[in-house]
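So you can see what is in the structure, the chains are spelled out below.
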Amino acid sequence: MLLSLGQGVPGAWALFAPRFFYDGFPLPALAWVTKFPPYNEHLVRDLGALSLGLTTVLLMAAVSPERRLVRAAAFGCLAFTVPHLIFHAAHLGRFDTVDVVGQLISQVAPIAVSGMLLVLIRRSNRPSTPKRAHNKE
């Protein structure tokens, strides 16, 4: 559910208020997106729509946590968030320290959560080893 909020809130914001998203994400005082001009309404709306698409899959996995769906949702989240982190890590010079820390936390968190889900799913998929009976003679 947490991953879907992390994608859904900014996704809806970008889709339905692209200029406001560009000028004010994550907060108007920070305005991270404006550091990468020029503004392009089409690209911002597309990002929002794609984020909402990923949100739908993440929500489905949260509501109906079938193993294959959870794995697909986690891998889908990683397919977006890992390249996103790599891009931002290569462009941190545009930001003040507080923005760098905020970006890294907000971008590493969904990677960590997705990774944890994949580990937990893998562990729950392993057959349990039978316990050996102890003979007391």
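Scope of this entry: the structure provided in the associated data block. (Residues numbered from 1 in each chain as written. Predicted model: local features only at pLDDT ≥ 70, side-chain atom pairs only at ≥ 80, totals over all residues. Heavy atoms only, no water.)

### A few points about unusual backbone geometry
In the segment running from F25 into P26, the intervening peptide bond is cis, with an omega of 0 degrees. The peptide bond linking P37 to P38 adopts the cis configuration, its omega dihedral lying at 0 degrees. If you trace the backbone, P38 turns up in the loop between helix 2 (18-24) and helix 3 (41-63). Phi angles above zero are rare outside glycine, and A31 is one such case at about 45 degrees. (Helix = DSSP H or I, 4+ residues; strand = E, 2+ residues; numbered from the N terminus.)

### Description of the packing of helix 3 against helix 4 (residues 67-89)
Between helix 3 and helix 4, the least distance of the axes is 8 Å, while the angle of their chain directions is 155 degrees. What the angle tells us is that helix 3 and helix 4 run roughly antiparallel. Helix 4 is crossed by helix 3, and the crossing has left-handed handedness. For the pair formed by helix 3 and helix 4, the contact residues are L47, L54, V57, L58, M60 and A61 on the first element and L69, V70, A73, G76, C77 and F80 on the second. Grouping the constituent residues of the contact of helix 3 with helix 4 by class yields eleven nonpolar, one polar and no charged. (Axes fitted to C-alpha atoms, helices over the stretch in contact; angles between N-to-C directions. Parallel < 35°, antiparallel > 145°, perpendicular 65-115°, else oblique. Left-handed = near helix turned anticlockwise from the far one by under 90°. Contact = heavy atoms within 4.5 Å. Nonpolar A, V, L, I, M, F, W, Y, C, P; charged D, E, K, R; others polar.)

### Overview of the packing of helix 1 (residues 2-16) against helix 3
Put simply, helix 1 and helix 3 touch, their axes get as near as 7 Å, and they point 150 degrees apart. Taken together, the axes of helix 1 and helix 3 lie roughly antiparallel to each other. Judged by the sense of rotation from one axis to the other, the crossing of helix 1 with helix 3 is left-handed. Contacts between helix 1 and helix 3 pair L3, S4, Q7, G8, G11, A12, A14, L15 and F16 from the former with V44, R45, G48, A49, S51, L52, L54, T55, L58 and L59 from the latter. Split into classes, the residues belonging to the contact of helix 1 with helix 3 amount to eleven nonpolar, seven polar and one charged.

### Focus: the environment of A89
Inspection of the secondary structure puts A89 in helix 4. Classification of A89 by relative accessible area gives partly exposed; the value is 43%. Sequence separation between A89 and Q107 is 18 residues; the distance between their C-alpha atoms is 9.7 Å. (Buried < 20%, exposed > 50% of the residue type's maximum accessible area, 1.4 Å probe, protein only.)

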